[in-house]
Structure formats: C-alpha cells, structure tokens
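# Fold and geometry: a report
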Amino acid sequence: MGMSQSYGAGDETESTATVHRALDLGVTLLDTADVYGAGANEELVGRAIADRRDRVVLATKFALGDPDRRPRGDAAYVRQAAEASLRRLGTDHIDLYYQHRVDPEVPIEETVGAMAELVREGKVRYLGLSEAGAATIRRAHAVHPITALQSEWSLWTRDIEAEVLPTCRELGIGLVPFSPLGRGFLTGRVTSVDDLDADDVRRGLPRFSGENFARNTAIVDALRALADRRGVTAGQLALAWVHHQGDDVVPIPGTKRVKYLEENVAAADLVLSPEDLRAIEDAAPTVSGERYTPEMLKLSNR
C-alpha cells in the first residue's frame, strides 16, 4: 500500500527493487489491493513480478474500489473487481483473494458464493476475509473454506485475540496481520507528527495525534531498551513478537525501501523465549487512542 498511497510520495524504481530484493531473500507472499493507489499498486506489482510470477504467492483484495470507498460484496461486483484485478496484475490467477471489508448490506453468503465461483473457474485459488468478525467468519467458512483472515494485529492492536483469533484457530484459518509495526510507530523512526509528509494518512489517526502520540512514545522507549540488549531494533523486536504468535501467523510488514525490507526480514530469525515475550508485552501495557477514526472503526471486525 505504502508504495502507492497513504505514506508519502512513491518511487516505482525503488519499489520494484524492494519487491525483487524480497523475493531474493526468500519472501514469497506479496499483498496488494485494488484500492491502493486506485489500481496503480496492482499494476506496479504486476510489472515487478512479470518475469518471476512462479515465485510469488500473490494476494489482492476487493470491496473498497468504488469511488466512494463504500464496501461492496454483491456478486456482480465481486466478478467485476476480480476481472479488473487480473488485468492490472497481468496474471491469469490470484493465489489468495480477500474481501477487503465486509459489506453490511449484502449477506456474506452471497459474497463468498461469488468468490467461490472464481475458484471453480481457476481465476482464484484460495479465499480470504479482512477485518471480519467471528460470526461473519463462521458464516463465510460454511459456504466455502476460508484460508486466511487479514486483520490488524500487533503489540498495540490486540483486539482480535478475544474472539476472532480463537474462531480462526478452531476453523483452521490462517492469520495475516497487517500493520504489525503499528504503522511504523513501533519502529521508533517517527519521533514527531512533523516527520510525516503533509498527505500522510497517519496524521489523521488518533494514536498519532497530540497527547496520544506523546504517551505512546513510552512504548517505543521501553521496546528500544529491550532491543538494545539484543543488538536489534525496536521494530525488529515488535515484529518478532508477532512472528512468535504461532505457525499459523504470517505478518505482512509494509515497506517501500530495500533497507527497511532487509531489517524486517531479519526479524524472522530472532528467537524469543517465553520470558522475552512477556517482557515485550509488558512494554505495551496500554495504548493511548483508537487505531482508527470512528468512521473507519465501523468497518473493522464486522
């Protein structure tokens, strides 16, 4: 996402180099969506992997591609969105196809039924949901097996642990945490809102605003102290914590630069003891502010 929107200006040359370096380092899962850059990100990813498609598990998402960004899940739109994504990605199949947000006006059975048709036609291999609630996941899974749930999960966003995570594990659904570094906050590289570009979406998020920002820096300070003892960064420690939540957990830290990609990949090699995990969790006992604005929260865990 960050290569095409939300986190400042993009650079296709650097973005492409980052994708190629990821594959060289053994990363296999690439995640995009039709709404990122209004389709531009799918096109960028498609160009980047055109000569190495067989090395990639390619995931994309639909449902927010309308100009008004209202979630859509009607059967006609599912097919329309999938065909458009296939064209932009320059591929004949999508490995993992997610509904980006649940449409409150369309039964999930209709949406997943339409997605299942794409599987039968060979245009999609596996199905996923994003930010779906436990009851919705159960209903969807009854129509067609759901392979993965992509929802926010990190040291400072743990609400899925109450109901969603146990439901996924009961049903054998994998977890794909997005923003596992708290939109970059947990890396410690954002020391002030002034570090962010004027059009950076984080400027409008509660946790990055005013007193919340100041209070949340205590989390980063505590993480950095723990990380210094290991000779790693605060971000690597936070990402390793997510990795250690289970073999069914595949975090997708976003980056648009090679140097940060390499830092993120190295976090997968960190080994944390139960004591380490407790210390890391103790570094983030409370978080100040909601993760989204009220309007955005309405689309979460639905």
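Here is a short report on the structure shown in this document. Computed from a predicted structure; not experimentally measured. (Residues numbered from 1 in each chain as written. Predicted model: local features only at pLDDT ≥ 70, side-chain atom pairs only at ≥ 80, totals over all residues. Heavy atoms only, no water.)

### Some remarks on the pattern of salt bridges
Which entries qualify depends on this criterion: By definition, a salt bridge exists where a carboxyl oxygen of Asp or Glu is found within 4 Å of a side-chain nitrogen of Lys or Arg. Helix and strand labels come from DSSP, where a helix needs a run of H or I of at least four residues and a strand needs a run of E of at least two; each type is numbered from the N terminus. Throughout this description, buried means an accessible area under 20% of the type-specific maximum (1.4 Å probe, protein chains only), exposed means over 50%, and partly exposed covers the range between.
In this structure the tally under the stated criterion is 31 salt bridges. A salt bridge links Asp 95 to Arg 125, with the nearest nitrogen and oxygen atoms 3.6 Å apart. Of this pair, Asp 95 sits in strand E3 (residues 94-99) while Arg 125 sits in strand E4 (residues 124-130), and the two are 30 residues apart along the sequence. What makes Asp 95 buried here is its relative accessible area of 8%. Since its relative accessible area comes to 48%, Arg 125 is described here as partly exposed. With a shortest N-O distance of 3.5 Å, Arg 224 and Asp 221 are connected by a salt bridge.

### Some words on the sheet that holds E3
How we decide: Paired strands, in this sense, are two strands between which DSSP finds at least two bridges. What counts as an axis is a line fitted to C-alpha atoms, over the stretch in contact for a helix, and the angles between N-to-C directions run from 0 to 180 degrees.
The 6 strands lie next to each other as E1-E2-E3-E4-E5-E6, forming an open sheet whose pairing is parallel. Of all the strands in the sheet, the pair left with one neighbour each is strand E1 (29-31) and strand E6 (174-178). Averaged over neighbouring strand pairs, the angle between their axes works out to 25 degrees when direction is ignored.

### Comments concerning the nonpolar core
For the record, the criterion: Residue types Ala, Val, Leu, Ile, Met, Phe, Trp, Tyr and Cys, when buried and joined through side-chain atoms within 4.5 Å, form a set referred to as a nonpolar core. Any two residues having at least one pair of non-hydrogen atoms within 4.5 Å are treated as being in contact.
By size, the foremost hydrophobic cluster in this structure holds 80 residues, and its most contacted members are Leu 149 and Leu 223. Tallying contributions element by element places helix H8 (residues 234-243) first for this core, with 7 residues. Those residues in contact with Leu 149 that lie beyond four places of it in its chain are Tyr 98, Leu 129, Ser 130, Glu 131, Ala 132, Ile 137, Val 164, Cys 168, Ile 173, Gly 174, Leu 175 and Val 176.

### Overview of the packing of aromatic side chains
A ring pair, where both rings are aromatic, is described by two values, the distance of the centres and the angle of the planes. Under the convention used in this document: In this scheme Phe, Tyr and Trp rings, the latter by its six-membered ring, pair at centre separations within 6.5 Å, and the angle between planes marks the pair as stacked below 30 degrees, edge-to-face above 60, and tilted otherwise.
Counting across every chain of the model gives 7 aromatic pairs. Ring centres of Trp 153 and Trp 241 lie 6.4 Å apart, and the angle between their planes is 80 degrees; this geometry places the pair in the edge-to-face category. Residue Trp 153 is found in the loop between strand E5 (148-152) and helix H6 (164-171), and its partner Trp 241 is found in helix H8; the two are separated by 88 residues along the sequence. A relative accessible area of 1% means that Trp 153 is categorised as buried. With 6.2 Å between their ring centres and 80 degrees between their planes, Trp 156 and Phe 208 make a pair best called edge-to-face. Of this pair, Trp 156 sits in the loop between E5 and H6 while Phe 208 sits in the loop between E6 and helix H7 (210-230), placing them 52 residues apart in sequence. Given the relative accessible area of 4%, Trp 156 is considered buried. A relative accessible area of 2% means that Phe 208 is categorised as buried. Among the aromatic residues, ring-to-ring pairing joins Trp 156, Phe 185, Phe 208 and Phe 213 into one connected group.

### Here we look at the packing of helix H4 (residues 108-120) against helix H5 (residues 134-143)
Put simply, the rule is: Each angle receives one of four descriptions, namely roughly parallel if under 35 degrees, roughly antiparallel if over 145, roughly perpendicular if within 65 to 115, and oblique otherwise. Two helices crossing with the near one rotated counterclockwise from the far one by less than a right angle form a left-handed crossing, whereas a clockwise rotation gives a right-handed crossing.
In the contact formed by H4 and H5, the axes pass within 9 Å of each other and the chain directions differ by 40 degrees. The orientation of H4 with respect to H5, classified from their angle, is oblique. Every pair of crossing elements has a handedness; the one defined by H4 and H5 is right-handed. Here Ile 108, Glu 109, Val 112 and Gly 113 of H4 come into contact with H5, specifically with Thr 136, Arg 139, Ala 140 and Val 143.

### Section: empty space enclosed by the protein
As a reminder of what qualifies: Both site types are read off a 1 Å grid over the protein atoms alone. A 1.4 Å probe that fits but cannot get out defines a cavity, while an open set with protein on both sides within 12 Å along at least five of seven lines defines a pocket; lining residues have an atom within 4 Å of a point. Grid points are joined across faces, edges and corners, and a volume is the space filled by probe spheres set on the points. When residue character is reported, Ala, Val, Leu, Ile, Met, Phe, Trp, Tyr, Cys and Pro are called nonpolar, Asp, Glu, Lys and Arg charged, and the others, Gly included, polar.
According to the stated counting rule, one finds 1 cavity of 30 Å³ or more in the structure shown. Quantified by volume, the largest cavity comes out at close to 30 Å³. Lining the largest cavity, in full, are Glu 152, Trp 156, Arg 183, Leu 205, Arg 207, Phe 208 and Arg 291. Of the residues belonging to the lining of the largest cavity, the class tally is 3 nonpolar, no polar and 4 charged.

### A closer look at unusual backbone geometry
A positive phi angle, near 125 degrees, is found at Ala 63, a position not held by glycine. Residue placement: Ala 63 occurs in the loop between strand E2 (57-62) and helix H3 (75-89). Residue classification places Ala 63 among the buried residues on the basis of a relative accessible area of 0%.

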